[in-house]
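Each chain, written out:
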Amino acid sequence: MASVEPAFPPGDYDVTVVGSGPGGLQTSYWLRHFGIGHAVLSQDDAPGGMFQRFPIFQRLITWTKPDAPVERTAREYEWYDHNSLLAVEPELKALVPSLMDREYDLPSRAEMEAGIAAFAARAHLQVRYGCSWESTRHEGDRIVLVTNEGEYRCRAVVFALGVTEPWRASVPGIEHAAHYVDTATPERYAGRNVFIVGKRNSGFEVAQGILPWARSTILGSPRPVQTDALALSALRVRYLHPYDEYARGGPGTYVLDVTIERIERTADGFRVLTHGTTWDGSLEFEVDDVIAATGFQTPLRDLPQLGLVTVNDGRVPALTAFWESVSLPGVYFAGNASQGAKGLAKRGAGASLSAVNGFRYNARVLAQHIAETLAGHARPRPPVPDVVSFLLRELSSAPELWVQKGYLCRVVNAQQNGFVDEGVVPLAHFLDSGGADAVAASVEVDGAGRIVPTVYLRRSGEIGEHTLSSHPIHEYESESYRNELAARLAQLPG
């Protein structure tokens, strides 16, 4: 039998997507949907990306409710399923729930990986697997990706590489510690004293995983745990059990605000020397294991040498509202690395830029943006007969706005003969781009942690912000809200 040539041989493409995790596959799906020819490359041999390896202790932090008050194929069901990829076709929607064993409302790593693989197969997404991006250069208006299989020339590239490369803080002696990626099975820590460097999600994931086994567990980093932010964060699933053990005085579990001055190897293990940041004094710990749960960075290879600007100690690229590098035109990022776009960051907890439930929406907006800017495709702008009802319905139930709080908004443009739907766009873009009179609806979090619907009116180039009153069960389609919003929209023509 003749061998079949893998998809996307080296050559010229309008767009090249690098990565076959959820960010890359979701971007590829929407690029195809909007009619943009592209290649997809992946160094892996199968779809799934980071979910082939992480999280170490198997359970995700994003939830899915298999049975919900709405049908799985309904747009509103996306609010109950934070793990499936998005699609227009009913047979491609909500694939993860059917794979869950329902022991917990958080899917296992294997279930998530299977859901991504099922999406790729059923959507007939092509990927050139085993193709590793090695270096990058510019040739005129083309970006050239050098791979182990040849060169790919493109007008734009979307890197969907995740934030998967281990990063270590600058702590003397931390090179002696195992990184999170090298964490052993929980039973390996039976009867042992463990010091975990870091108090973010990977640190607490490890702490929760080894809590039933370890003799003692100490988590240490300079900044306090942000309990107010955790109240609205999916990370509370990983944080709260070990933190609660410490907060209630449970012996053997400690969550400390300390600067780690150095880590020393000893004959039997490690010595960790610390100094308090929110309290005076020093502590010294003799432990069997040190685990550096200090996070990850995007594998950027030579992009910084080409001028790519980064943020967060160089860990992720600095991005525009449409996830394009602020310093390298035509270089976009999807998936977990899209967290390099900060948006407005006005208040409290908001957008979920680093998890599938959030960046799946980013991918759709990004693909449409590329279709418009690269190929001149015009987005559909259907008329909106009852703009008040339309916007209040979006504020009540649009999953894009509820998951990407304060980042994405629904925009309706005013015309002389009525209103037209502009679709979902980044809120920062709406506020900064100018243009015709319009209204944008977003869901935000105020300074007290309350979820509040917010509308922005653009009239004659000026922006006005109006926050609607919060509702205990977030229903904003009543007569009082209609009257309030109608009074605001009366300032616009149409």
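Now for a description of the structure that goes with this document.

The rules we used
- Residues numbered from 1 in each chain as written.
- Predicted model: local features only at pLDDT ≥ 70, side-chain atom pairs only at ≥ 80, totals over all residues.
- Heavy atoms only, no water.
- 1 Å grid on protein atoms, 1.4 Å probe; cavity = no way out; pocket = protein on both sides within 12 Å on 5 of 7 lines; lining within 4 Å.
- Points joined across faces, edges and corners; volume = space filled by probe spheres on them.
- Helix = DSSP H or I, 4+ residues; strand = E, 2+ residues; numbered from the N terminus.
- Pairing = 2+ DSSP bridges.
- Phe/Tyr/Trp six-rings, centres within 6.5 Å; stacked < 30°, edge-to-face > 60°.
- Buried < 20%, exposed > 50% of the residue type's maximum accessible area, 1.4 Å probe, protein only.
- Lys NZ or Arg CZ within 6 Å of the ring centre and 35° of its normal.

Right, let's talk about the layout of surface pockets for a bit. Of the pockets and cavities examined, the second largest pocket occupies roughly 520 Å³. Forming the walls of the second largest pocket are 22 residues, and the residues nearest its centre are F34, R364, Q368, E400 and R410. Residue assignment for the lining of the second largest pocket shows that the elements contributing at least two residues are α1 (22-33), α6 (356-375) and β21 (418-426).

Let us now look at the pairing of strand β6 (residues 150-159). One ladder, built from 7 bridges, connects strand β1 (residues 11-18) with β6; its direction is parallel. Bridge pairing links T16 to V157 in β6. Note that strand β5 (residues 142-147) and β6 share 5 bridges and pair antiparallel. In the strand pairing of β6, V144 is matched with R153. In this structure, the hairpin formed by β5 and β6 is closed by a connection of 2 residues. Bridging between β6 and strand β18 (residues 331-333) involves 3 bridges; their strand directions are parallel. Residue pairing in the sheet places V158 in a bridge with Y332 of β18.

Moving on: the packing of aromatic side chains. Scanning all chains against the criterion turns up 14 aromatic pairs. Aromatic side chains F195 and F285 sit 5.6 Å apart centroid to centroid with 55° between the ring planes, which places their arrangement in the tilted category. Of this pair, F195 sits in strand β9 (residues 193-197) while F285 sits in strand β13 (residues 282-287), and the two are 90 residues apart along the sequence. Measuring from ring centre to ring centre gives 6.4 Å for F322 and W323, while their planes differ by 85°; the resulting arrangement is edge-to-face. Overall, W323 belongs to the buried group, its relative accessible area being 0%. Chaining the aromatic ring pairs together yields one cluster made of Y29, W30, F34 and F119. Directly above the aromatic system of Y189 lies the positively charged group of R188, at a separation of 5.5 Å from the ring centroid.

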